[in-house]
Amino acid sequence: MRILGFMTGTSLDGIDMAILETDGEVLTAFGPAGEAPLPDPLRDLLRRAIAVALEHPRGAAEPSIFVQTARAIAEAHLAAGEAFLGAHGLTWADLDLIGMHGQTVLHERPAAGRNGRTLQLGDGHWLARASGVPVAFDFRSADVAAGGEGAPLAPVYHLARAAASGLTAPLAVLNIGGVANLTCWAGGERVAAFDTGPGNGLIDEVVLARTGERFDQDGRLAAAGRVSEHALQRMLDHPWFNEPPPKSLDRYDFSPAAVEDLPLEDALATLTAFTAEAVVRGFGMVELRPASLIVTGGGRRNPALMAALQARLSCGVADAESVGWRGDALEAEAFAFLAARCVRGLPISFPGTTGVPAPMSGGRVARP
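First things first, this report covers the structure right here in the doc. (Residues numbered from 1 in each chain as written. Predicted model: local features only at pLDDT ≥ 70, side-chain atom pairs only at ≥ 80, totals over all residues. Heavy atoms only, no water.)

1. So, the overall build of the protein
Logical step 1: Helices and strands together make up the secondary structure of the protein, namely twelve helices and twelve strands.
Logical step 2: A compact globule built from 368 residues would reach a C-alpha radius of gyration of about 21 Å, and the protein, at 19 Å, matches this within 12%.
Logical step 3: A principal-axis box enclosing the C-alpha atoms of the protein has dimensions of 55 × 45 × 45 Å.
Logical step 4: Put simply, the protein has 368 residues, and 55% of those count as buried.
Logical step 5: Considering only contacts in the protein between residues 6 or more positions apart, those separated by 24 or more positions represent 68%.
Logical step 6: Total accessible area on the protein stands at roughly 14,700 Å², and carbon and sulfur atoms take up 51% of it.
Logical step 7: The protein carries 30 positive and 42 negative side-chain charges, and their two centres are separated by 2 Å. (Helix = DSSP H or I, 4+ residues; strand = E, 2+ residues; numbered from the N terminus. Rg over C-alpha atoms; globule rule 2.2 N^0.38 Å. Buried < 20%, exposed > 50% of the residue type's maximum accessible area, 1.4 Å probe, protein only. Contact = heavy atoms within 4.5 Å. Areas by Shrake-Rupley, 256 points an atom, 1.4 Å probe, with all protein chains shown as cover. Lys, Arg positive; Asp, Glu negative; His and termini not counted. Charge placed at Lys NZ, Arg CZ, Asp CG, Glu CD.)

As C-alpha cells, then:
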C-alpha cells in the first residue's frame, strides 16, 4: 500500500507528513516527506483544548471544544496534505490509505488498578470523506482500554526501519519530542520501550514564557548557562524515576517550577541536563548497552542537548541521518506503517512496549 502518514506532536510545532510503501511488515519504498506549520489560530485553539482536557473529569460529557478542535485538526491535515501532494505531483487518488495520529491533548497512565486515559483529537471520518481515502486513526485507545500505557507505539516501526537499513541488535533509538521515549532492542523479540521523561517540552515552555519564542534555537541559550545541581536534583527526585518500565508520560506531568527563579540561560541549561539525565536513568532500567544511540525527533537538532547526552552516556550518540533515516519524518513514517498494520489486524503494541497483557492490534478505520 502507498500510505500517507501524519504526525502532530506535543510540541505543537507542525504537521509532519511522509509517504511510505509497506504492507505493515516490510518497508518497500520511501516516498516524499515534509512538514507544514500549524496555523496560529489552530495552535491557540489547541492550547485551550489542552487546558480543558487537563481539568476534564473522568466520565464527564465531552466538552464542545474537543469536537471543534478535532474538526479543525482534520481540516488542517487536509490543507497540508493537498499542498504536500501537489508539490510532489501526487493527488489523494494516488494513495491507498492515510494514517493520522491526531493531536494528543490528554494522556494519563494507568495507576492503582485503574486504566489510563488518552485522547488524540482529529476527525478521521471527516478527513476520509474530504480526501476520498480511508483513514486509520485513534491508535492508542484500544491499548489503554486493555490496561496498557497507550505509548510508545513507534517501537515496532523502529525495528522495521532498522531491518530496512540492515542494522542489527543491540539497538537503541531515542525520540525526543515534547516527551522523550526510548526503544531498546536486544535481538529477536526482546524489546523494551518507554518514555524516559520530558524531552523538549519543558525547555520550550520556559522559552515561550520568558521570550515569546517557541524554542531554544540551536540550544544557544542553554549552552550559555550553568546547570543548577540543586534544581536538577529536585526534578530527579520525582517518583516517576523509580517506576519500572513500561511507562508513559503526559507532556504536562512535569513542571518547570524548580527552575523558575533561575536566570533564563541557567534554567535552560538545567532543563537540558534534566532531559539527558532522565535518558541515562532510563538506560539504567534495561539490560542493553548498544554501541550507539540513534536520536530522532526535534531534540536531535539541539546541539546543547546532544552534547549533554554524549557527556552522560558511555555509548556513542548519533542523529538519525547518520544511519540514513529521516529524523524529521520518522514518526510520520511510523504512523503510515501502523496504519497498514491496523487495516491488516496486525499488532501495534506489545507487553514490552506498553505493558499490555498480550500483543494487540489497534486503531480504527474511517472509510470515505
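2. Examining the nonpolar core
Logical step 1: Within the largest apolar cluster, 40 residues are counted, with the highest numbers of intra-cluster contacts made by Trp92 and Leu127.
Logical step 2: Counting residues per element, this core draws most heavily on helix α2 (residues 64-87), which supplies eleven residues.
Logical step 3: With residues up to four places along the chain from it excluded, the contact list for Leu127 reads Phe6, Ala74, His77, Leu78, Ile98, Met100, Gly132 and Val135.
Logical step 4: Ranked by size, the runner-up nonpolar core spans 32 residues in total, among them Leu27, Leu153, Leu171 and Trp325. (Core = buried A, V, L, I, M, F, W, Y, C linked by side-chain atoms within 4.5 Å.)

3. Some thoughts on empty space enclosed by the protein
Logical step 1: Under the definition given, this model contains four cavities of 30 Å³ or more.
Logical step 2: Here the largest cavity defines a volume of roughly 60 Å³.
Logical step 3: A per-element tally of the lining of the largest cavity places strand β4 (residues 97-108) first, with four residues.
Logical step 4: Class assignment of the residues belonging to the lining of the largest cavity gives a composition of five nonpolar, three polar and two charged.
Logical step 5: The computed volume of the second largest cavity comes to approximately 40 Å³.
Logical step 6: Residue lining of the second largest cavity: Phe194, Thr196, Trp240, Phe241, Lys247, Ala278, Arg281, Gly282 and Met285, and that is the complete set.
Logical step 7: At the level of secondary structure, the elements contributing two or more residues to the lining of the second largest cavity comprise β9 (190-198) and α9 (264-283).
Logical step 8: For the lining of the second largest cavity, the element with the highest residue contribution is α9, accounting for three residues. (1 Å grid on protein atoms, 1.4 Å probe; cavity = no way out; pocket = protein on both sides within 12 Å on 5 of 7 lines; lining within 4 Å. Points joined across faces, edges and corners; volume = space filled by probe spheres on them. Nonpolar A, V, L, I, M, F, W, Y, C, P; charged D, E, K, R; others polar.)

4. A look at helix α10 (residues 303-312)
Logical step 1: Every buried residue belonging to α10 is among Ala304, Leu305, Met306, Ala308 and Leu309, and all of these are buried.
Logical step 2: Close packing links the buried residues of α10 with β7 (171-176), α7 (220-223), α9, β10 (292-296) and β11 (316-319).
Logical step 3: With a side-chain oxygen positioned 3.0 Å from the backbone nitrogen of Ala304, the residue opening α10 is Asn302. (Polar contact = N/O pair within 3.5 Å; in protein donor to acceptor, adjacent residues only side chain to side chain.)

So yeah, pure geometry; function would need other evidence.
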